[in-house]
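As a plain string of letters, each chain reads:
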Amino acid sequence: MTEILYRQYVGESDLPHIMALVQSELSEPYVIYTYRYFLHQWPQLSFLAIPAGSSEPIGVIVCKQSMHKHASNRGYIAMLSVSKSWRKRGVASTLVRRSVEVMRRHGVDEVVLETEYDNAPALSLYESLGFIREKRLYRFYLNGKDAFRLVLAVPPSELNEDLPHYMKLSPTNTVFSYSVASDDDEVSYR
């Protein structure tokens, strides 16, 4: 059993780890200013997953939240990356749930993201969390690939009880962990 700790972004010391994870796992290249744009303005929406006893993150999510067309409070998942050797253990879904919960507490109406149209594992993950495909974006990425824009409607609520079962979280502390019992996506929170 491997315990994984989740914590929010704490500052520039996290940046090299985040950049390394994203650059090794995602096809889209980002310059340091892109990371800083998100991390400096919305640090509370970015989380790292770190195995107990290690200082090296194995997963990261980078997000933002702002008004969209002066009509809706929109969250945006800019980057989600989990090391290949740590996939299928619930890390990505926990990172997404954590960020969405913080956005929900700050009044988000919806959360959007883009992913490559042929990234079946990512599409499966997001759809299992309630995201739906809004539209296909042709030649969206620099590599020429198309993307799907996915959207999650987030119901207003003061408590987790109004959330769908797949979005519910444990008590909202900054650092929390779970134990991995097998290779499936089953998670038990502490």
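Enquirer: Just to check I follow, could you spell out the environment of L123 for this structure?
Expert: For L123, the location among the structural elements is in helix α4 (residues 120-128). Sequence spacing of L123 and L150 is 27 residues, and the spatial spacing of their C-alpha atoms is 8.7 Å. In this view, L123 contacts T115, E116, Y117, R133, F148 and L150; residues no more than four positions away in its chain are not counted.

Enquirer: When you look at unusual backbone geometry in this model, what are you seeing that I'm missing?
Expert: Note: most peptide bonds trans; most residues except glycine with negative phi. Phi at K88 is positive, roughly 65°, even though this residue is not glycine. Secondary-structure assignment places K88 in the loop between β4 (72-82) and α3 (91-105). Overall, K88 belongs to the exposed group, its relative accessible area being 66%. In the Ramachandran plot, R139 falls in the positive-phi region, its phi being about 50° despite a non-glycine side chain. Considering the arrangement of structural elements, one finds R139 in the loop between β6 (132-137) and β7 (147-153). Owing to a relative accessible area of 64%, R139 belongs among the exposed residues under this scheme.

Conventions and cut-offs
- Residues numbered from 1 in each chain as written.
- Predicted model: local features only at pLDDT ≥ 70, side-chain atom pairs only at ≥ 80, totals over all residues.
- Heavy atoms only, no water.
- Helix = DSSP H or I, 4+ residues; strand = E, 2+ residues; numbered from the N terminus.
- Contact = heavy atoms within 4.5 Å.
- Buried < 20%, exposed > 50% of the residue type's maximum accessible area, 1.4 Å probe, protein only.

It is worth stressing that arrangement in space is one thing and function is another; only the former is reported here.
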